[in-house]
Amino acid sequence: MQHDSIAVVDFGGQYAHLIATKVRRQNVLAEILQPEDPVEKFKPHKGIILSGNPSLSSFGEDSDYNKEMFDLDVPILGFCFGHQEIAKHYGGAVMNGKQEFGRAQLHIRREHPLFKGLSRSEQVWMSHNDTVTAIGPDFEELGYTLLGEGSEPHNFAAIGSDKHRRYGFQFHPEVDNTTHGDVMIRNFAIEICGCRPTWEMAQYLEEEIEKIRERVGDGSVFLLASGGVDSTVAAKLFGEALRPEQLHLLHVDNGLMRKDESLQVMKAFKAMGIDSNLHFVDASEDFLSALNGLVEPEQKRKAIGDTFVKVFEREARRLGLSNHLLGQGTIYPDTIETGGTKRADTIKTHHNRVEIIEKMIAAGKVIEPLAELYKVEVRELGEELNIPSEMIWRQPFPGPGLGVRLLCSSGELEDSASIPAISDEVTKTLAGTNFCGAALPVKSVGVKGDLRSYEHPVLIHGNTNWNKLDEIAGTVLKTVRGINRCIWNLAPKMPQTFRPLAASTTRERLDLLREADHIVMQGLRRHGLERDIWQCPTVLLPLEIDGQGEELCIIRPIHSERAMTATAAELPEQLIGEIRDAILALPKISGLAYDITSKPPGTIEWE
Ligand code: XMP
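Cut-offs and rules
Residues numbered from 1 in each chain as written. Predicted model: local features only at pLDDT ≥ 70, side-chain atom pairs only at ≥ 80, totals over all residues. Heavy atoms only, no water. Core = buried A, V, L, I, M, F, W, Y, C linked by side-chain atoms within 4.5 Å. Buried < 20%, exposed > 50% of the residue type's maximum accessible area, 1.4 Å probe, protein only. Helix = DSSP H or I, 4+ residues; strand = E, 2+ residues; numbered from the N terminus. Domains from an automatic or database assignment. Pairing = 2+ DSSP bridges. Salt bridge = Lys/Arg side-chain N within 4 Å of Asp/Glu carboxyl O. Phe/Tyr/Trp six-rings, centres within 6.5 Å; stacked < 30°, edge-to-face > 60°. Contact = heavy atoms within 4.5 Å. Axes fitted to C-alpha atoms, helices over the stretch in contact; angles between N-to-C directions. Parallel < 35°, antiparallel > 145°, perpendicular 65-115°, else oblique. Left-handed = near helix turned anticlockwise from the far one by under 90°. Nonpolar A, V, L, I, M, F, W, Y, C, P; charged D, E, K, R; others polar.

Residues Val 252, Ile 460, Trp 488, Leu 571, Ile 583, Tyr 594 and Ile 596 are the most contacted members of the largest nonpolar core, which totals 72 residues. Here the element with the most residues in this core is helix H15 (residues 507-526); it accounts for eight residues. In this structure, this core is formed jointly by two domains, domain 2 (201-399) and domain 3 (409-595), each of which donates at least three residues. Among the nonpolar cores identified, the runner-up in size contains 39 residues, and Met 201, Ala 235, Leu 249 and Met 266 belong to it.

Spelled out as structure tokens, the structure:
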């Protein structure tokens, strides 16, 4: 069946993903396109949504994209920047200024299909710098906003032209703070564009099984099955579509797995009955030698991705497989996050999008049945496939595994001179609280706007309740320049000296991280929090503290929905105490801290 779909134009800032998921929640397929894409790519879609991004401006090069999409005879709806672009394109005007941030009340002028089912006053979320000040001849104001009682109205918050079928919202209907944003999105897709809401998991499953059979024919699929949610769902899906002899699963112990992980994965696959050609290889030596001496996160990721392919090819030869397709559990965001558009910096290279894989994809050698799905949808598909819920609801674990949680260092820091000044700023910011803090001579990856940031964490020490702690972290991160993380000291005293140590990826360090991670994961399980906490990386930093130990351990429990944004999660005091006692008792551990940074500015992983 051909599904009706909406094209979501990605103007950066990852808003497009959020919009696409919200469209799909309405059972309408959404696909992300780039502003520079040729107009042919837009033609199969029944409507277009232009995403917004408060850091873009309708003045200058952001407005330089393929405008031929405006010539298509399909409805177009713009949010924020997209709204301003529509106003401008059809004879309106935009000015720089009159910013609004936060909640506002949208007053709807008249009944309109876009607002079907809503009241005349709706809470919406504003975040913009530029503002529409005039609209073109065929346009009308559909709504204006008030930020609060007695405030001046903000005109043209919603505009539209039924003649051109072009609409714009200054606010962001895709965020949860716009209370009925989902209704507005549904109204656009279904009422205005006429999309049939046919995108459902049961149907998708049937279609995907057909597609797999067609594509594989009499050939076979060789899938790397890590045991994570995505590859497990992919394995079961291939299992349904293909004859047992057509599917080979390979579980690679890359040495970067959690404690006893490989054993459990093999057991789980057996229990699910997809084990007729289940192979196992211990390739930890290959991965360790590829990672030896590497310090830079992107180089490590590439080395891991390349080694996967090398091991995979070697195993295929060993098993006498030829003419097979490489199966991957790649999901939709993985194909987009590697970046490459002029508005989006490479946030990270996904391990299944390294160069060799890209070449294999181009040669038609790769099959990725989940590449159109978001994580929630993969889980839904898993349920449709009757995969046990403890497999489906496992916390996500990155493909490069503990490799991105074991930070490496040359032992020297090119900007070590800036540390005292940053620490001074931290001290000033914390004045008046009972907290103290210092910048650490290491760096981790974060994200600011669409750019990767590679900056220092700040360690703070003190005691207060969670809300206050969260507030302090927010203030420090907003005020102090040159940092992207705030971590809270869990050791009894505030350390006085910090020294970066030269360290790369070794089995010994990985074993230590495995133990620390095991302590944290067991603790979450004991307290029944495994599903409540979306993800909880445990990280090691090669850092000597107060002349002792070799590794600073960080725990990072977070809440998130789609991993695009995240907030630090509060753990019960008793669990923190148990983790503290067990981790600080491990050999070579020099300290323990709790990452209380939201994303942005910190990413979920430290690399
Ligand atoms: P960040 O650190 O970018 O992570 O906030 C977002 C989500 O992606 C996971 N992640 C990865 N998953 N390969 C993966 O399969 C990777 O290279 C990778 N890097 C990050 C991360 O665990 C989180 O869930």
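The next point concerns the pairing of strand E8 (residues 154-161). The two faces of a sheet get side chains in turn, since along a regular strand they alternate between them. A large share of E8 lies buried, amounting to seven of its eight residues. Remark: four residues form the turn of the hairpin made by E8 and strand E9 (residues 166-169), two consecutive strands paired antiparallel; Arg 165 in that turn has positive phi of roughly 55°.

This next bit is on the pattern of salt bridges. Counted under the stated rule, the structure contains 38 salt bridges. The salt bridge partner of Lys 88 is Glu 85, with a shortest N-O separation of 3.4 Å. Residue Lys 88 and its partner Glu 85 are both found in helix H2 (residues 81-89); the two are separated by three residues, about one turn of the helix. Look at Lys 88 and you get partly exposed, because its relative accessible area is 31%. Among the salt bridges present, the one from Lys 310 reaches Asp 286, with a minimum N-O distance of 3.8 Å. Of this pair, Lys 310 sits in helix H8 (residues 297-318) while Asp 286 sits in helix H7 (residues 284-291), and the two are 24 residues apart along the sequence. Counted as one network, the salt bridges with shared partners bring together Arg 110, Glu 140 and Asp 162.

Further remarks concern the environment of Pro 587. Relative to the elements of secondary structure, Pro 587 occurs in the loop between helix H16 (573-584) and strand E24 (589-595). Residue Pro 587 is classed as exposed on the basis of its relative accessible area of 58%. Along the primary structure Pro 587 and Leu 512 are separated by 75 residues, whereas in three dimensions their C-alpha atoms are 8.2 Å apart.

In this structure the tally under the stated criterion is 13 aromatic pairs. Between Phe 11 and Tyr 65 the ring centres are 5.1 Å apart and the planes differ by 75°, which places this aromatic pair in the edge-to-face class. Taken together, the positions of Phe 11 in the loop between strand E1 (5-9) and helix H1 (15-24) and Tyr 65 in the loop between strand E3 (47-50) and strand E4 (76-79) put the pair 54 residues apart, joining distant regions of the chain. Both residues of the pair, Phe 11 and Tyr 65, belong to the buried class. Residues Tyr 332 and Tyr 374 carry aromatic rings whose centres are separated by 5.4 Å and whose planes lie at 90° to one another, so their mutual orientation is edge-to-face. You can see Tyr 332 sitting in helix H9 (residues 332-337) and its partner Tyr 374 sitting in the loop between strand E14 (366-367) and helix H11 (375-384), a full 42 residues away along the chain.

This next bit is on the side chain of His 45. Following the sequence through the fold, His 45 ends up in the loop between strand E2 (29-33) and E3. Under the relative-accessibility criterion, His 45 is labelled buried at 5%. Beyond its immediate stretch of four places on either side in the chain, His 45 contacts Ser 5, Ile 6, Ala 7, Glu 31, Leu 33 and Val 74.

Moving on: the packing of helix H13 (residues 419-430) against helix H14 (residues 466-479). Between H13 and H14, whose axes approach to 10 Å, the crossing angle comes to 135°. As judged from the angle between their axes, H13 and H14 are oblique. Like other packed secondary-structure pairs, H13 and H14 cross with a definite hand, here right-handed. Residues Glu 425, Thr 429 and Leu 430 of H13 lie in contact with H14, whose contacting residues are Ile 472, Thr 475, Val 476 and Thr 479. For the contact of H13 with H14, a count of residues per class yields three nonpolar, three polar and one charged.

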